[in-house]
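Overview (structure and organization)
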Amino acid sequence: MIKFAFATATLAFSVSFALAQDKPAPPPMWQQGRPASLADSKLAPNPGKMTETQASEVPLDKLKLPKGFKVEVWAAGLVGGRAMAFSDSGKKIYVGTRGIGRVYEVTDAGDKRTVRVVVDKLNQPSGVAFQGGSLYVMAIDKVLRYDGIEDKPSGAPVDMTKAFDLPPEQHHNWKYLAFGPDKKLYVPFGGPCNICEPPTKEYAQLRRYNPDGTGKEVIATGIRNTQGFDWHPKTGEIWFTDHGRDWLGDNGPEDELNRISKPGLFFGFPYCHAKGIPDPDVAKGKKDACKDVTLPVTTMGPHAAVMGIKFYTGDMFPKEYQGVAFIARKGSWNRTKKFGYDVVTVKATADGKNPKITPFMTGFMDPKANSFWGRPAYISQLKDGSLLVSDEQLGVIYRISYGAPKK
Amino acid sequence: MTAGIPSIAAQPKIFTENYLVMTREGIRGNDAMQGLLKSVPDREIVALAVYFSKLTARKPDGAVDKTLFARGKQVAAQNRCATCHERDFRGREQMPRLAGQREDFLAEAMLAYRQYRRPGGDTLMAAALYGISEPDLKALAHYLSRVK
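The rules behind these values
Residues numbered from 1 in each chain as written. Chains lettered and ligands numbered in written order. Predicted model: local features only at pLDDT ≥ 70, side-chain atom pairs only at ≥ 80, totals over all residues. Heavy atoms only, no water. Helix = DSSP H or I, 4+ residues; strand = E, 2+ residues; numbered from the N terminus. Rg over C-alpha atoms; globule rule 2.2 N^0.38 Å. Contact = heavy atoms within 4.5 Å. Areas by Shrake-Rupley, 256 points an atom, 1.4 Å probe, with all protein chains shown as cover. Lys, Arg positive; Asp, Glu negative; His and termini not counted. Charge placed at Lys NZ, Arg CZ, Asp CG, Glu CD. Domains from an automatic or database assignment. Buried area = accessible area lost by both parts, 1.4 Å probe. Core = buried A, V, L, I, M, F, W, Y, C linked by side-chain atoms within 4.5 Å. Buried < 20%, exposed > 50% of the residue type's maximum accessible area, 1.4 Å probe, protein only. Pairing = 2+ DSSP bridges. Axes fitted to C-alpha atoms, helices over the stretch in contact; angles between N-to-C directions. Salt bridge = Lys/Arg side-chain N within 4 Å of Asp/Glu carboxyl O. Polar contact = N/O pair within 3.5 Å; in protein donor to acceptor, adjacent residues only side chain to side chain.

Regarding the overall build of chain A
On a plain count of helices and strands, chain A comes out with two helices and 29 strands. Against the compact-globule benchmark of 22 Å for 407 residues, chain A has a radius of gyration of 21 Å, which places it among compact chains. With the C-alpha coordinates of chain A rotated into their principal frame, the extents come out at 65 × 50 × 40 Å. The long-range fraction of contacts in chain A, counting pairs at least 24 apart against all pairs at least 6 apart in sequence, stands at 55%. Entry remark: accessible area of chain A is about 16,800 Å², with carbon and sulfur atoms responsible for 54%. Chain A carries 55 positive and 43 negative side-chain charges, and their two centres are separated by 3 Å.

In structure tokens:
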């Protein structure tokens, strides 16, 4: 309750400031916690690309994979394409976006893919999920359901927005969505700022709902901004990625990979980051900022922008990849030297011990020039055991397959 | 030029690309513009963006209200607008030129961000205006439209 009172006080504070003309405005939310030493830093989010890239324009030869793996451009023309959801038949893949406001449908016709836009003009419709013949689309301020879309490609959606009770703040509230083994829809609600006491209790949490929006439950709190989760193939527990806060320098606090071993855990935001770093702004003077905080399985690198996670369960890749987590790191902006821009594997025991991070797909970034050309975002597994990786920057999907290397 | 329509001369290429795509998609701007861009393919949008980025910037608006200008300058400095938009507000990459832009357009754009009526861009821009009063937004628009 103390938390809540404090948040209300800050709100009242900013309102009175807004009325008193000659006093300075309070710091904007996104740069709250930005120290004087970084006040004039010119770091800013990387620009996205809103125009199409042809498959032939992708510098595939720059990509590096372990021996025996092959990469191809599997689909192109999906500007801003991020998370992918398979239809029940597996023949269609739905792909969400942010700025361009579209959801795509990719149809696999064997040797080639066709792409169409299912819906556009939405406010960052990054959340896509499929269950029981229906496609679910979640934008920052809207939830749509397309029943029987595989057979009725132009059927009108059902507007489900009211049922899901979406909060008003928009920052960090674009979605990643997935149905769990329990058939419930899992939906994250990010902290609406870089670092702050959230204005109300509806933020910085993971919820699940029945598919129709009833039965809302908060299953974990203290989550700043998760953009990817998957269920462990052995334990059925959720593992989720989470973005660390900005403006504390090049080295951290690092992004996280977390495990939800039971409902009700608190993952630290806004007081405690990474493996137990008290927040210098929000937790100032708080002695036990990391008390009762569930620490990550592993940190994932400074400002790495960890996105999609997929535990490998196919039978195409060599045995050592069974049950290993593939994680896409979209790459940093709040860091002078670029970091991430790759897909890594994380091998750990089922209870999250002995994590080992190994680069898997690299070459999107040129460390010497401190530049990048692609941003891997999400990973999905095809029936044949090959992996799809979406590149949000170029709007293409790569397919990674394995064939025993020739001697 | 008509009120509410921005000058896009000397805008960074990526910003104009994004702006034209968002307008074509009906996410931004007005119906007239959307109609014009309706069947313009991406490659032509890229070419247009390159062309506009090479034009000379519009001359700053006329009469300066000294008090308003000073206040705008102060608010821009306090909120570090220049870290993204560049010290002379000429913009870079996806961040637009603000210097010399039409005052009415700037004022409306900022209000629209604040009221979440300007989707498509990064939510950071709306967050950058968090807590700035409406009179201060007007001062910012006055200052930015006349800054040299």
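Observations concerning the domain arrangement of chain B
Residues and elements named next belong to chain B. What the domain assignment lists for chain B is domain 1 (13-53) and domain 2 (66-146). For domain 1 versus domain 2, the distance between C-alpha centres works out to 22 Å. Across the contact, seven residues belong to domain 1 and nine residues belong to domain 2. Carbon and sulfur atoms make up 60% of the surface buried where domain 1 meets domain 2, a total of about 650 Å² over both sides.

A look at the nonpolar core
One recurring pattern in soluble globular proteins: nonpolar side chains tend to sit buried together. Residues and elements named next belong to chain A. In this structure, L135 and F229 are the most contacted members of the largest nonpolar core, which totals 53 residues. In this view, L135 contacts Y94, V118, V128, A129, F130, L144, R145, Y146 and I149; residues no more than four positions away in its chain are not counted. With 23 residues, the next largest nonpolar core counts L63, F69, V71 and A328 among its residues.

Description of the sheet that holds strand β14 (residues 228-231) of chain A
Across a sheet, paired strands are connected by hydrogen bonds in the backbone, their directions being either parallel or antiparallel. All names here are of chain A. Strand order in the open sheet formed by four strands is β14-β15-β16-β20, with antiparallel pairing between adjacent strands. Each end of this open sheet is capped by a strand with a single partner; those strands are β14 and β20 (298-302). Shown here is a sheet whose adjacent strand axes are inclined to one another by a mean of 20°, direction ignored. Here β14 runs beside strand β15 (residues 238-242); their pairing, made up of four bridges, is antiparallel. Paired with D230 across the strands is W239, a residue of β15.

Examining the pattern of salt bridges
On inspection of all chains with the given rule, the structure shows 32 salt bridges over all chains. Linking A:K184 and A:E217 is a salt bridge whose minimum nitrogen-to-oxygen distance equals 3.9 Å. Here the residue A:K184 occupies a position in the loop between β10 (178-179) and β11 (185-189), and A:E217 occupies one in strand β13 (residues 217-221), the gap between them amounting to 33 residues. What makes A:E217 partly exposed here is its relative accessible area of 30%. One salt bridge in this structure joins B:R24 and B:D42, with 2.9 Å as the shortest N-O distance. Taken together, the positions of B:R24 in helix α1 (residues 13-24) and B:D42 in helix α3 (residues 42-53) put the pair 18 residues apart, joining distant regions of the chain. Its relative accessible area of 12% is what places B:R24 among the buried residues.

Some points on the environment of B:R71
Residues and elements named next belong to chain B. If you trace the backbone, R71 turns up in helix α4 (residues 66-78). C-alpha separation for the pair R71 and D31, spaced 40 residues apart in sequence, amounts to 35 Å. Looking at R71, its side chain comes within polar contact range of the side chain of D136, at 2.7 Å.

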